[in-house]
Each structure stands twice: as C-alpha cells, then as structure tokens.
Amino acid sequence: MPHSIRIHGFPLSGHSHRVELFASLAGIAHDVVTVDLAAGEHKQPPFLALNPAGQVPVIEDGGTVLSDSNAILVYLARKYAPAWLPADPVKEAEVQKFLTLAAGEIAFGPAAARLINVFNAPLDAEFCATVAARVLGKIDTHMEGRSFLVGDAPTIAEVAIYSYVAHAPEGGISLEPYPNVRALLANIEGLKGFKPMPVTKVGLAA
C-alpha cells in the first residue's frame, strides 16, 4: 500500500479503537490523529468538514473520507484485507449480524454502562446492565464449541464486538458468568497485531 490511512479518533472511544485495532491486525499502514473531545475539537469546523455529525472515528484514505466505525471496518476489509470479510454470502451475512449487534445491544448495554462510569453519562444503569446481560448471554451461547464468531478464522465481527465487551467491567458489568465470551476475548488478544484499548480504572476495573 503506497500510503497510510489517517484515523481520527479518541483513545478511550471503543468505536475509535475498533478501527485502530483492525488496521493493526490487518497490517494496514495508518497514522492516528487524536481528536481532543474534552476540548470540543470534534465540534469545530475543521473536524466537522470531515464528519458533519461531529463524531469519531473518521478515516482519510487518499481522497476518501469515511465515518461510522462499522462502515469503516467493511471498507477497509474490502479494500485492503478481504480475508477478514468472507465472500461466501451466508458467512458474510453472519458477520453483518454481529456488526448489527455491536451497533445495537452492545452499544446500549456494556458500552452505555461504561459511558456512565467513564464519562458520567446520564443514562439508566439498571437498563444498561439488563441489556448487557442479555447480549453477553447470547454471545456466550453462540461461542459454545467455537473459537471465533463466524467460521474458523477471525473476521471484522470480532473487531466490532471486542472493545466494549472487553471493557464491560469498567461499566460494572462482570464477565465472570460468561466463560465462552472470555475465551473469545483471549483468542482475539492472541492475534498477531493485537492492540489493546487503554483501561480506565473505574467500575469493576478499579
């Protein structure tokens, strides 16, 4: 690849981490540009020119500018790392289901619970915990007898679910009841190029 992509993100954003993690796992040359969310940099004209929604992550790949972490994963896999997004239509559909899970129950469960503790978000902790238990139970059941979510090799499905599931304890969500989830996280962490997200010492991670 003749150039590096630029990833605009924030270190404690799981959405940003997805993109950085995938670029690292897939060996995609990249530079990380930290966006100072606390200072409101994401609401200033230079960043809004990249993403009018004012959200991280955003990537620049030559003349292509993309936002939305899951959309970015699909783009990067298709362009640079096709082994991470199966061509088989059934397996691809299975991967897409986990992208939806990441944007749905994972976002409203463990990710939202973490927002409460890390960023003092005014959310309903009990609701978040209920959603988290439901989605972690689903993944745990799905992973029985499996090493990865779809097929026998990692895909962008693992990348999409990893950050907020791995950091669920920061939101007070224990992973102890979910041995298959913990085994999946360990498998992801054992991949060449794995890049962790910084731990915030709050909740059960304190």
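Predicted, not measured: the structure shown is a model, and the values here were computed from it.

Caption draft 1: Representation of the packing of helix α4 (residues 89–103) against helix α5 (residues 105–119). At a closest axis distance of 3 Å, the pairing of α4 and α5 adopts a crossing angle of 45 degrees. On the basis of the axis angle, α4 is oblique to α5. Two secondary-structure elements touch here, α4 through L101, A102 and A103 and α5 through E105, I106, A107 and F108. Looking at the contact of α4 with α5 residue by residue, the class counts come to 6 nonpolar, no polar and 1 charged.

Caption draft 2: Examining the UniProt feature "domain: GST C-terminal" (unreviewed entry) in the protein chain more closely. Mapped onto this structure's residue numbering, the UniProt feature "domain: GST C-terminal" (unreviewed entry) falls at residues 88–206. End C-alpha atoms of residues 88–206 are separated by 43 Å, and the span's content is 59% helix alongside 0% strand.

Caption draft 3: Structural detail: the pairing of strand β3 (residues 58–61). Bridge count between strand β1 (residues 5–9) and β3: 3 bridges; the pairing is antiparallel. Of the residues in β3, the one forming a bridge with H8 is V58. Here β3 folds back onto strand β4 (residues 64–67) in antiparallel fashion, the turn holding 2 residues, of which G62 has a positive phi close to 65 degrees.

Caption draft 4: A look at the pattern of salt bridges. On inspection of all chains with the given rule, the structure shows 8 salt bridges. Where E20 meets K195, a salt bridge forms, and the shortest distance between an N and an O atom there is 2.6 Å. Taken as a pair, E20 in helix α1 (residues 14–25) and K195 in the segment after α8 (179–189) lie far apart in primary sequence, 175 residues in all. Where D61 meets K79, a salt bridge forms, and the shortest distance between an N and an O atom there is 3.1 Å. Highlighted residues: D61 in strand β3 and K79 in helix α3 (residues 69–80), separated in sequence by 18 residues. The exposure class assigned to D61 is buried, which follows from its relative accessible area of 3%.

Quick notes on the rules
- Residues numbered from 1 in each chain as written.
- Predicted model: local features only at pLDDT ≥ 70, side-chain atom pairs only at ≥ 80, totals over all residues.
- Heavy atoms only, no water.
- Axes fitted to C-alpha atoms, helices over the stretch in contact; angles between N-to-C directions.
- Helix = DSSP H or I, 4+ residues; strand = E, 2+ residues; numbered from the N terminus.
- Parallel < 35°, antiparallel > 145°, perpendicular 65-115°, else oblique.
- Contact = heavy atoms within 4.5 Å.
- Nonpolar A, V, L, I, M, F, W, Y, C, P; charged D, E, K, R; others polar.
- UniProt positions renumbered as here; feature names shortened; annotations may be inferred.
- Pairing = 2+ DSSP bridges.
- Salt bridge = Lys/Arg side-chain N within 4 Å of Asp/Glu carboxyl O.
- Buried < 20%, exposed > 50% of the residue type's maximum accessible area, 1.4 Å probe, protein only.

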